[in-house]
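Breakdown of the fold
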Amino acid sequence: MNLLAVDSVISLSFFLSQIVAVGVFWLAPRHLRPEALALVTFGFLALADPTSLAILVAMTMVTAYASGGGRQNQAVPTIAATALIALTLVAFKLGEARVDNGGMMMLLLPLGISFYTFRCLHVVIETHLAIQEPPTLRELVGYLFFMPTIVAGPIHRLPDYLRDRRRAGPLSSADASQGLTRIVYGYTKIVLIANFVLDLRIAPWLAERFADNPPLAAYAECLHSAFFLYLFFSGYSDIAIGFALLMGYRVIENFNNPFMKASVSGFWRSWHISLSSWIREYVFAGVLAITRRRWVGVIASMVTIGLWHQLTVNWLLWGLYHAMGLLVRNYWLAHFPADRYIRTVWHERIYNVICWFITFNFVILSFSIAKEGSPADALDTLGTILFWWF
């Protein structure tokens, strides 16, 4: 199986595949355009990694069976399909966590499986609950093998896809202009700002500048990790949204200035929006309905998000860290009227700046957990930043 590196989504082959997808889509007869687009996706996966294609096709067959007409509201197919799809992702995530190459974690996953899994589960659950009519096989294949989002999301939803599929008309000049602009924005974020400016220029300069100052050096590394990941994933989302627009489809926005938010909950409503909204609907709501305890739902949700990234202790702790931040904020708002008192005494802008400063640093410090190779290293980094002066 091929290894998927982070820069594969900005490789020349991926870019050319997207261009081919747009061309084939508009050259195909109108009623066959979604299927033509799916065939381009098949071809891309077959060339990039045939094993990935086989696994995703198998997951598609399971999803098609569980969500097919006549099995709606039947618990056994839904539970079996949900378990099989989820366990497939878990198995590959466990394999990924065990692969080590000179201390560097390697990505040993089928192309796009993390996002693909959640799209499959979305279809199975929505059709089981009768929220969504069972899609036809053509609709399902077109949705799951949608070229712009196949590798790295966002996790767009079936109703949105079907709306645009059925609306399919000539490309508007507004969509074309906006699509090309988003593509340029995306590649600028990833290639120019993240890879060149941040990684090759700013990071080495900061390392040299703070070589004799361990707390600032460790904090600068956390800043680098946070902003690099933001630029990469928001940049890819821009690219996916842009290419989708060139075919008349609107994909969900995935980021909305997350580092400018003045609360942890605000951060999570604007960071990886397609993932956090999926978790809120299918994990938080489900756990809350079963336990009737909001705090259990918050912990379950954040742990799921952490382990979705990688099945390691570090990402588990990362999820618990963010759950703690959300629970502390919820408790403060629910039990301390001091929050309202501060707003009346302090100037609103000063209050918001203080809230932003606390939230920003809370989020940045979480990357000391995610970027390190072990919990001990993460604690050492946190200790260096917070307690080195003492």
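Whatever comes next refers back to the structure up there.
Presented here is a report on the structure given in the accompanying data block. Model, not experiment: these values are computed from the prediction.

As a further point, take the overall build of the chain. Scanning the chain from N- to C-terminus turns up 16 helices and two strands. Per-residue burial over the chain gives 48% buried out of 390 residues.

This part takes up the packing of helix α5 (residues 113–128) against helix α11 (residues 273–291). Angle between the axes and distance between the axes are the two parameters that describe a pair of packed helices. Their axes nearest at 12 Å, the elements α5 and α11 cross at an angle of 35 degrees. In this structure, α5 meets α11 at a crossing whose hand is left-handed. Two secondary-structure elements touch here, α5 through Phe118, Leu121, His122, Ile125 and Glu126 and α11 through Leu275, Trp278, Ile279 and Tyr282. Across the contact of α5 with α11, the residue classes tally to seven nonpolar, one polar and one charged.

Glancing now at the packing of aromatic side chains. The geometry of two aromatic rings is summed up by the distance between their centres and the angle between their planes. A complete count under the given rule lists 33 aromatic pairs for this structure. Relative to tyrosine 161, the ring of phenylalanine 146 lies with its centre 5.9 Å away and its plane at 70 degrees, an arrangement referred to as edge-to-face. Of the two residues, phenylalanine 146 sits in the loop between α6 (137–144) and α7 (158–167) while tyrosine 161 sits in helix α7, which places them 15 residues apart along the sequence. Taken individually, phenylalanine 146 and tyrosine 161 each receive the classification buried, so the pair is uniform in this respect. On the numbers, 5.7 Å between centres and 80 degrees between planes, the contact of tyrosine 230 with phenylalanine 255 is edge-to-face. With tyrosine 230 in helix α9 (residues 214–245) and phenylalanine 255 in the loop between α9 and α10 (264–268), this pair connects stretches of sequence that are 25 residues apart. On the basis of relative accessibility, which here comes to 12%, the residue phenylalanine 255 falls in the buried class. Here the aromatic cluster, defined as three or more aromatic residues joined through ring pairs, consists of Phe227, Tyr230, Phe255, Phe259, Phe267, Trp268, Trp271, Trp315, Trp318, Trp356, Phe360 and Phe367. It is arginine 33 that lies over the ring of phenylalanine 25; its NZ or CZ is 5.9 Å from the centre.

So, about unusual backbone geometry. Each neighbour pair has its own omega, and for glycine 153 with proline 154 the value is 0 degrees, a cis peptide bond. Within the secondary structure, proline 154 sits in the loop between α6 and α7. A positive phi angle, near 65 degrees, is found at alanine 130, a position not held by glycine. With respect to the secondary-structure elements, alanine 130 resides in the loop between α5 and α6. Look at histidine 272: it is not a glycine, yet its phi comes out positive at around 45 degrees. Along the chain, histidine 272 turns up in the loop between α10 and α11.

Let us now look at the environment of isoleucine 299. The residue isoleucine 299 is located in helix α12 (residues 294–309) in this model. On the basis of relative accessibility, which here comes to 26%, the residue isoleucine 299 falls in the partly exposed class. With 21 residues separating them along the chain, isoleucine 299 and leucine 320 place their C-alpha atoms 6.5 Å apart. Look past the residues within four positions of isoleucine 299 in its chain and what remains in contact with it is Leu320, Ala323 and Leu327.

Of note, cysteine 222 is situated in helix α9. Taking the C-alpha atoms as reference, cysteine 222 lies 5.5 Å from phenylalanine 367; in sequence the two are 145 residues apart. Excluding residues that lie within four positions of it along the chain, cysteine 222 makes contacts with Ile364, Phe367, Ser368, Lys371, Thr381 and Ile385.

All chains considered together, the criterion is met by 13 salt bridges. Notably, a salt bridge pairs glutamate 35 with arginine 165, separated by 2.9 Å at the nearest N-O pair. Taken together, the residues span a long stretch of sequence, with glutamate 35 in helix α2 (residues 33–48) and arginine 165 in helix α7 at a distance of 130 residues. Between arginine 182 and glutamate 253 there is a salt bridge whose closest N-O contact spans 2.8 Å. Separated by 71 residues along the polypeptide, arginine 182 in helix α8 (residues 173–209) and glutamate 253 in the loop between α9 and α10 bring together distant segments of the chain.

In this section: the side chain of arginine 165. Its relative accessible area of 14% is what places arginine 165 among the buried residues. With residues up to four places along the chain from it excluded, the contact list for arginine 165 reads Pro34, Glu35, Arg138, Glu139, Gly142 and Tyr249.

Within the largest apolar cluster, 95 residues are counted, with the highest numbers of intra-cluster contacts made by Phe118, Phe145, Phe259 and Trp268. Top element by residues in this core is α9. It accounts for 14 residues. What phenylalanine 145 contacts, discounting residues up to four positions off in sequence, is Leu37, Ala38, Thr41, Phe42, Leu45, Leu53, Leu56, Val57, Thr60, Tyr116 and Ile150.

What follows covers a nonpolar patch on the surface. Residues Leu192, Ile193, Phe196, Val197, Leu200 and Ile202 make up a contiguous nonpolar surface patch of roughly 470 Å² in combined accessible area. With respect to the secondary-structure elements, leucine 192 resides in helix α8. Note on leucine 192: relative accessible area 44%, which makes it partly exposed.

Cut-off values and rules
Residues numbered from 1 in each chain as written. Predicted model: local features only at pLDDT ≥ 70, side-chain atom pairs only at ≥ 80, totals over all residues. Heavy atoms only, no water. Helix = DSSP H or I, 4+ residues; strand = E, 2+ residues; numbered from the N terminus. Buried < 20%, exposed > 50% of the residue type's maximum accessible area, 1.4 Å probe, protein only. Axes fitted to C-alpha atoms, helices over the stretch in contact; angles between N-to-C directions. Left-handed = near helix turned anticlockwise from the far one by under 90°. Contact = heavy atoms within 4.5 Å. Nonpolar A, V, L, I, M, F, W, Y, C, P; charged D, E, K, R; others polar. Phe/Tyr/Trp six-rings, centres within 6.5 Å; stacked < 30°, edge-to-face > 60°. Lys NZ or Arg CZ within 6 Å of the ring centre and 35° of its normal. Salt bridge = Lys/Arg side-chain N within 4 Å of Asp/Glu carboxyl O. Core = buried A, V, L, I, M, F, W, Y, C linked by side-chain atoms within 4.5 Å. Patch = residues over 30% accessible without salt bridge, like charges linked within 9 Å, V, L, I, M, F, W, Y side chains within 5 Å. Areas by Shrake-Rupley, 256 points an atom, 1.4 Å probe, with all protein chains shown as cover.

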